[in-house]
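One-letter residues, chain by chain:
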Amino acid sequence: MTQVIRTSAELREKVATWKRSGMLVGVVPTMGALHDGHLSLVREARKQSDRVIVTIFVNPMQFNNKDDLEKYPRDEDHDLALLEAEGVDVLFAPGVHEVYPDGFATVVAVSGVSEPLEGAFRPGHFEGVATVVMKLFGMTQAGRAFFGEKDWQQVQVVKRMVEDLNVPIRIIPCPTIREEDGLAMSSRNVRLSPEHRALAPRLHAEMQAAAAAIRAGAPVTATLEAAKAAIGAAGFGAWDYLDLRSAEGLRPITELSEPARILAAVHLGDVRLIDNIAV
Ligand SMILES: Nc1ncnc2c1ncn2[C@@H]1O[C@H](COP(=O)(O)OP(=O)(O)OP(=O)(O)O)[C@@H](O)[C@H]1O
Ligand SMILES: CC(C)(CO)[C@@H](O)C(=O)[O-]
Ligand code: BAL
């Protein structure tokens, strides 16, 4: 049975009993509307921890668009059934007031790695992520936390924060899970129209082609511009970015002299797709 807990006081008691028996606690932070990408994190957490907490909290502080927050898919009953089937010990699903009570006044801001890419196009987003993740780490007292590489920049921001603030937790990045046609799984994919859903995998296909070309020595800027044009011509909307960046510091690079990734964000209808791959 997965126990549903809604207050940090109750969660603290539960975790204290586990810790008294020397158990290692793993946490998988999510915003719900769970899919196989999330469940892959849960499975890894089960392998690497004695007890697993999944958190579901649609964090208002990380949304810079009211419409996106209102339209974010929510289905807790279905999520709970999936977590039961995976043998998750606790679903921690606090309300907004439990996380941000009256008088709440603290923001965690990570500079540098949070500034380009998502940080530039979603102002305030990573302050919201860092603040809530720090709180979830405090509330769950977990020793390991599992994050998806689909949100590559988020992983880098969280790692930086944990190192800078001496948070006693190990961050475990987990690979991106894709649909059979290559589209990265994402809760927001359910909002794609059938035509846009059919088009969406083109993003990953063009990113892979660009990565292969760059590995083979093609010039970076021209290759990325050509990929952007091809994806645009296929029927996608506006680009936020399609960049080659150093894998950890996310510095812009034009030569492959260190581990690198292509990272992308592009609009398709009223959905914004993000993806990234190693080069
Ligand atoms: N396809 C995926 N493969 C691996 N991990 C994933 C995938 N999709 C999401 N995750 C991870 O699951 C965790 C929770 O993500 P979240 O609840 O935001 O889901 P999401 O599908 O990314 O939703 P959206 O992108 O629409 O906000 C994050 O660590 C995220 O990186
Ligand atoms: C890590 C997270 C749960 C924080 O709200 C969110 O950014 C997400 O789902 O990736
Ligand atoms: N998966 C990242 C959370 C967000 O898009 O707000």
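Since the structure is predicted, the reported quantities are computational estimates derived from the model, not experimental observations.

To continue, consider the nonpolar core. Core analysis: the biggest nonpolar cluster contains 64 residues, and Val 28, Ile 53, Val 54, Val 157, Ile 262, Ala 264 and Val 266 have the highest contact counts within it. Here this core gathers at least three residues from each of two domains, domain 1 (3-174) and domain 2 (187-273). Ignoring any residue separated from it by four or fewer positions in sequence, one finds Ala 264 in contact with Leu 203, Met 207, Tyr 241, Leu 242, Ile 274, Asp 275 and Asn 276.

Under the local residue numbering, the UniProt record ascribes the feature "active site" (unreviewed entry) to His 38. Mapped onto the secondary structure, His 38 falls in helix H2 (residues 36-48).

UniProt marks Gln 62 and Gln 154 with the feature "binding site: (R)-pantoate" (unreviewed entry), using the numbering shown here. Considering the C-alpha atoms alone, the annotated residues occupy 93 residues of sequence yet fold into one spot, their largest mutual distance being 11.6 Å. Among the secondary structure elements, Gln 62 is positioned in the loop between strand S3 (51-56) and helix H3 (66-71). On the basis of neighbour counts, which here come to 20 C-beta atoms within 10 Å, the residue Gln 62 falls in the buried class.

Moving on to the site of ligand 2. All residues in the neighbourhood of ligand 2 are listed as Pro 29, Thr 30, Met 31, Asn 59, Gln 62, Val 129, Val 132, Val 133, Asp 151 and Gln 154. When contributions to the shell around ligand 2 are tallied by element, the ones reaching two or more residues are strand S2 (25-30) and helix H7 (125-140). Considering each element in turn, the shell around ligand 2 owes the most residues, three residues, to H7. Here the shell around ligand 2 is composed, by residue class, of five nonpolar, four polar and one charged.

The pairing of strand S5 (residues 144-148) with strand S6 (residues 170-174) spans five bridges and is parallel. Bridge pairing links Phe 146 to Ile 172 in S6. Regarding topology, helix H8 (residues 152-164) serves as the crossover connection from S5 to the parallel S6, and that connection is right-handed.

Our next topic: the sheet that holds strand S4 (residues 90-92). Across the sheet, which stays open at both edges, the six strands sit in the order S1-S4-S3-S2-S5-S6 with parallel pairing between neighbours. Taken across any chain shown, the strands that pair with only one partner, and hence form the sheet edges, are strand S1 (3-5) and S6. Adjacent strand axes in the sheet meet at a mean angle of 25°, parallel and antiparallel pairs treated alike. Here S3 runs beside S4; their pairing, made up of three bridges, is parallel. Counted as the bridge partner of Thr 55 is Phe 92 from S4. Contacts from helix H1 (residues 8-20) reach S1, S2, S3 and S4 within the one sheet, and its direction differs from that of S1 by about 135°.

The next thing to look at is the site of ligand 1. Taken together, 18 residues form the shell around ligand 1, and within it Gly 37, Gly 148, Met 185, Ser 187 and Arg 188 come nearest. Those elements that place two or more of their residues in the shell around ligand 1 are H2 and S5. Ranked by the residues each element gives to the shell around ligand 1, the list is headed by H2, at four residues. Taken together, the residues of the shell around ligand 1 break down into seven nonpolar, eight polar and three charged.

How each quantity is defined
Residues numbered from 1 in each chain as written. Chains lettered and ligands numbered in written order. Predicted model: local features only at pLDDT ≥ 70, side-chain atom pairs only at ≥ 80, totals over all residues. Core = buried A, V, L, I, M, F, W, Y, C linked by C-beta atoms within 7 Å. Buried ≥ 20, exposed ≤ 12 C-beta atoms within 10 Å, placed from the backbone. Domains from an automatic or database assignment. Contact = placed C-beta atoms within 7 Å. UniProt positions renumbered as here; feature names shortened; annotations may be inferred. Helix = DSSP H or I, 4+ residues; strand = E, 2+ residues; numbered from the N terminus. Near = placed C-beta within 6 Å. Nonpolar A, V, L, I, M, F, W, Y, C, P; charged D, E, K, R; others polar. Pairing = 2+ DSSP bridges. Right-handed = clockwise from strand over helix to strand, strands pointing away. Axes fitted to C-alpha atoms, helices over the stretch in contact; angles between N-to-C directions.

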